[in-house]
Amino acid sequence: MSTTTTYDQLVDILVTRFEVSREDISPDVTFEALEMDSLFLVELLLVIQSEMGVTISEDSASPSDTVGQAAKLIDAATAAAGS
Amino acid sequence: MRRPDVAVTGLGLVTAAGIGTEASWAGVCSGVSAASRNPELAGLPVDISCTVPDFNPNKLVGRRASLIYDRFVQMAIVAAREAVADSGLDPETWDGARVGVVLGCGMGGLRSYDQQHKRMNEVGPQAVSALLIPMMIPNMAAGHLALQFGATGPNFVTATACASGATAIGCALGLLRDGTCDVVITGGTEAGVLPVVTTGFAQMGALSTKRLDAPETASRPFDADRDGFVIGEGSGILVLERAEHARARGARVHARLAGYGASDDAHHITAPDPEGTGVTRALTAALADAGVSPAEVDHVNAHGTSTPLNDAAEARVLRRLIGDRAAVTSTKGVVGHTLGAAGAIEAVFSVLAIEHSTVPPTANLELQDPEIELDVVAGAAREHKSNVAVSNSFGFGGQNAVLVFTSAA
């Protein structure tokens, strides 16, 4: 799975499930800037788990991370699970 | 030392009769019941309710409202914003530590609980939202108002079932009188119109079942042919303020909150004491607290649920204590029984009755039960000057709360 695809999937989740405006999202924008605090991030990780089948621990992501970093984290977790 | 007077300086409402105080007041004054068939209840023994129409949380509360707040909190936020704006107070500049929030809520976020419980059963524990607990717990109604308005004074939610809103307002009165707060945002909120909750009330025989084909005629307090209540939802919020504080800033005062009385029947888990001993004590205590005699009461917004037992027992107490001098109404005929919000919504209606010198009619009161020996307003709203208005609220568990409002002048 390429980073672009994962990133696009993540953007779709943010837009459809977290009511974030698509135009506000870019790879460099942080979750904080999208008004997503730690509780929302936990919720996002749960949605990623149920919709993308990827488990990411709460400790490895923070609201100061960017959307691009989160996409890379998902890719890394996917690769680790597949190896 | 004389106790400080307490002024009502802000009002906000969300009811089945409309969103906003103006729409809700016009609705109750019309005497037309807001009950209707509820598609979510289709196929259940009782499928009618007084649901708030066109309540769009993302439009009314803001982005992500449906992700962060259960419906009972969304309605409290809408009503509280109206009440705070109406008071003329500015949350940007007020001393938040002197502002309390006390709300009543009988049930809390049962809709969120219900949805997540289904997800856990159908999908598994991994599907349960991390936001469930803060959406579900009833105290969040007050907690979110603290966040909205920077109100950092005492903050809590009272639960006395259908008296919760009135109990909250009574507790708020205490915080103002004892000097803890200058301002308290108070009232109640409830969004319990769910299939399982409605069916629970139906199973215990509390709901009207005779007129499911004509929902708008089902809630008929004090009528000879009443057979139960219609479940409703909504929120009523009042901004209460130490009168001196209100005067100093030249605030418009709707009315004064002059007294509060509370008691418990200790008679039965749900049925009212037919002798009304507990209600009598709460009413007597509230009038004494307000420093008015029973003969001075001009208007009563009754608990008046439209159940055979409540209305008869309440009327006996009112007849014995106040007589037939007061103009009595039950606004539950129009907006239904909003459970934990009822006492607060009816407190707002009581204040408006004083302010507008108008008593709204009791919807569907066609033939007054001969046992109800009171002057109950029926048909159309009545022009009636009230200097003293009483609002009664009684909850399961025998919990009684009575508020006394007096005119601002």
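Computed from a prediction, not measured in an experiment: that's the story for all the values here.

## As for the environment of B:Thr21
Residues and elements named next belong to chain B. Its location among the elements puts Thr21 in helix α1 (residues 21-30). Thr21 gets classed as buried once you look at its relative accessible area, which sits at 11%. Dropping the residues within four chain positions of it, Thr21 is found in contact with Leu11, Gly12, Leu13, Glu82 and Leu352.

## A few points about unusual backbone geometry
Residue and element names in this part refer to chain B. Not every positive phi belongs to a glycine, and Ala161 is a case in point at roughly 50°. Residue placement: Ala161 occurs in the loop between β6 (155-158) and α8 (164-177). One non-glycine residue, Phe222, lies in the positive phi region at around 70°.

## Topic: the packing of aromatic side chains
One pass over the full model with this rule turns up four aromatic pairs over all chains. Plain terms: the ring middles of A:Phe18 and A:Phe40 are 6.2 Å apart, the flat faces sit at 75° to each other, and that makes the pair edge-to-face. Of this pair, A:Phe18 sits in helix α1 (residues 3-18) while A:Phe40 sits in helix α2 (residues 38-52), and the two are 22 residues apart along the sequence. Aromatic side chains B:Phe201 and B:Phe229 sit 5.4 Å apart centroid to centroid with 70° between the ring planes, which places their arrangement in the edge-to-face category. Note that B:Phe201 is positioned in helix α9 (residues 195-203) and B:Phe229 in the loop between α9 and β8 (234-242), a separation of 28 residues in sequence.

## Focus on the domain arrangement of chain B
As a measure of interface size, the accessible area lost when the parts come together is often cited. Residue and element names in this part refer to chain B. Along its sequence, chain B is organised into domain 1 (7-248) and domain 2 (258-407). Summarising the inter-unit geometry, the C-alpha centres of domain 1 and domain 2 are found 20 Å apart. Contact between domain 1 and domain 2 buries roughly 4,600 Å² in total, counting both sides, with carbon and sulfur atoms accounting for 70%. It is Trp25, Cys162 and Phe222 that lose the most area in domain 1 upon contact with domain 2, and together they represent 20% of the buried surface on that side. Counting every contact that joins domain 1 to domain 2 gives four salt bridges. Across the pair Asp289 and Arg177 runs a salt bridge whose closest N-O atoms are separated by 3.0 Å. Linking domain 1 with domain 2 are 23 residue pairs in polar contact (both at pLDDT 80 or more).

## Details of the UniProt feature "domain: Ketosynthase family 3 (KS3)" (unreviewed entry) in chain B
Under the UniProt annotation, "domain: Ketosynthase family 3 (KS3)" (unreviewed entry) lies at residues 3-407 of chain B. Helix and strand shares over residues 3-407 of chain B are 34% and 20% respectively, and the end C-alpha atoms of the span are 18 Å apart.

## Re the UniProt feature "active site" (unreviewed entry) in chain B
Residues and elements named next belong to chain B. In this numbering, the UniProt entry assigns the feature "active site" (unreviewed entry) to Cys162. One can find Cys162 in the loop between β6 and α8. A residue is classified by how much of its surface remains accessible, and Cys162, at 7% relative accessible area, is buried. When sequence neighbours within four positions are dropped, the list of residues in contact with Cys162 reads His303, His337, Leu339, Gly340, Ala342, Gly343, Ser393, Phe394 and Gly395.

## Things to note about the interface of chain A and chain B
Counting from both sides, the interface comprises 13 residues of chain A and, opposite them, 14 residues of chain B. Approximately 1,200 Å² of surface area, both sides summed, lies buried where chain A meets chain B, with 52% of it carried by carbon and sulfur atoms. In this assembly, chain A and chain B are joined by one salt bridge. For the salt bridge of A:Glu35 with B:Arg63, the shortest nitrogen-to-oxygen distance reads 3.5 Å. At the junction of chain A with chain B, the criterion picks out nine residue pairs in polar contact (both at pLDDT 80 or more).

## A few points about the pattern of salt bridges
Residues and elements named next belong to chain B. A complete count under the given rule lists 28 salt bridges over all chains for this structure. The salt bridge partner of Arg319 is Asp324, with a shortest N-O separation of 3.6 Å. The residue Glu346 makes a salt bridge to Lys332 at a minimum N-O spacing of 2.9 Å. Residue Glu346 is located in helix α14 (residues 342-356), and its partner Lys332 is located in helix α13 (residues 332-335); the two are separated by 14 residues in the primary sequence. Classification of Glu346 by relative accessible area gives buried; the value is 2%. It is possible to trace a salt-bridge network through shared partners that takes in Arg98, Asp182, Arg242 and Glu244.

## Points about the nonpolar core
Residue and element names in this part refer to chain B. In this structure, Ile169, Leu238, Leu240, Leu257, Phe349 and Phe405 are the most contacted members of the largest nonpolar core, which totals 39 residues. Looking at this core, the elements that each hand over two or more residues are β1 (6-15), α1, α8, β8, β9 (255-264), α13, α14 and β16 (399-407). When residues of this core are assigned to their parent elements, the largest contribution, nine residues, is made by α14. Once you skip the residues sitting within four places of it in the chain, Leu240 turns out to touch Val6, Ala7, Val8, Ile169, Ala172, Leu173, Leu176, Asp182, Val183, Val184, Thr186 and Leu257. Ranked by size, the runner-up nonpolar core spans 33 residues in total, among them Ala80, Ala83, Phe149 and Ala191.

## A few points about the environment of B:Ala409
Residue and element names in this part refer to chain B. Mapped onto the fold, Ala409 is located in the segment after β16. For Ala409, a relative accessible area of 99% corresponds to the exposed category. Residues Ala409 and Asn387, spaced 22 residues apart in sequence, show a C-alpha to C-alpha distance of 8.8 Å.

## Notes on the pairing of strand β5 (residues 99-104) of chain B
It is a general feature of regular strands that their side chains alternate between the two faces of the sheet. Residue and element names in this part refer to chain B. Of all the six residues making up β5, six are buried; the element is thus mostly covered by neighbouring parts of the structure. The two faces of β5 match: Val99, Val101 and Leu103 on one face and Gly100, Val102 and Gly104 on the other face are all buried. Direction of pairing for β5 relative to β6: parallel, over a ladder of four bridges. When the sheet's bridge partners are listed, Leu103 is paired in β6 with Val157.

Rules behind the numbers
Residues numbered from 1 in each chain as written. Chains lettered and ligands numbered in written order. Predicted model: local features only at pLDDT ≥ 70, side-chain atom pairs only at ≥ 80, totals over all residues. Heavy atoms only, no water. Helix = DSSP H or I, 4+ residues; strand = E, 2+ residues; numbered from the N terminus. Buried < 20%, exposed > 50% of the residue type's maximum accessible area, 1.4 Å probe, protein only. Contact = heavy atoms within 4.5 Å. Phe/Tyr/Trp six-rings, centres within 6.5 Å; stacked < 30°, edge-to-face > 60°. Domains from an automatic or database assignment. Buried area = accessible area lost by both parts, 1.4 Å probe. Salt bridge = Lys/Arg side-chain N within 4 Å of Asp/Glu carboxyl O. Polar contact = N/O pair within 3.5 Å; in protein donor to acceptor, adjacent residues only side chain to side chain. UniProt positions renumbered as here; feature names shortened; annotations may be inferred. Core = buried A, V, L, I, M, F, W, Y, C linked by side-chain atoms within 4.5 Å. Pairing = 2+ DSSP bridges.

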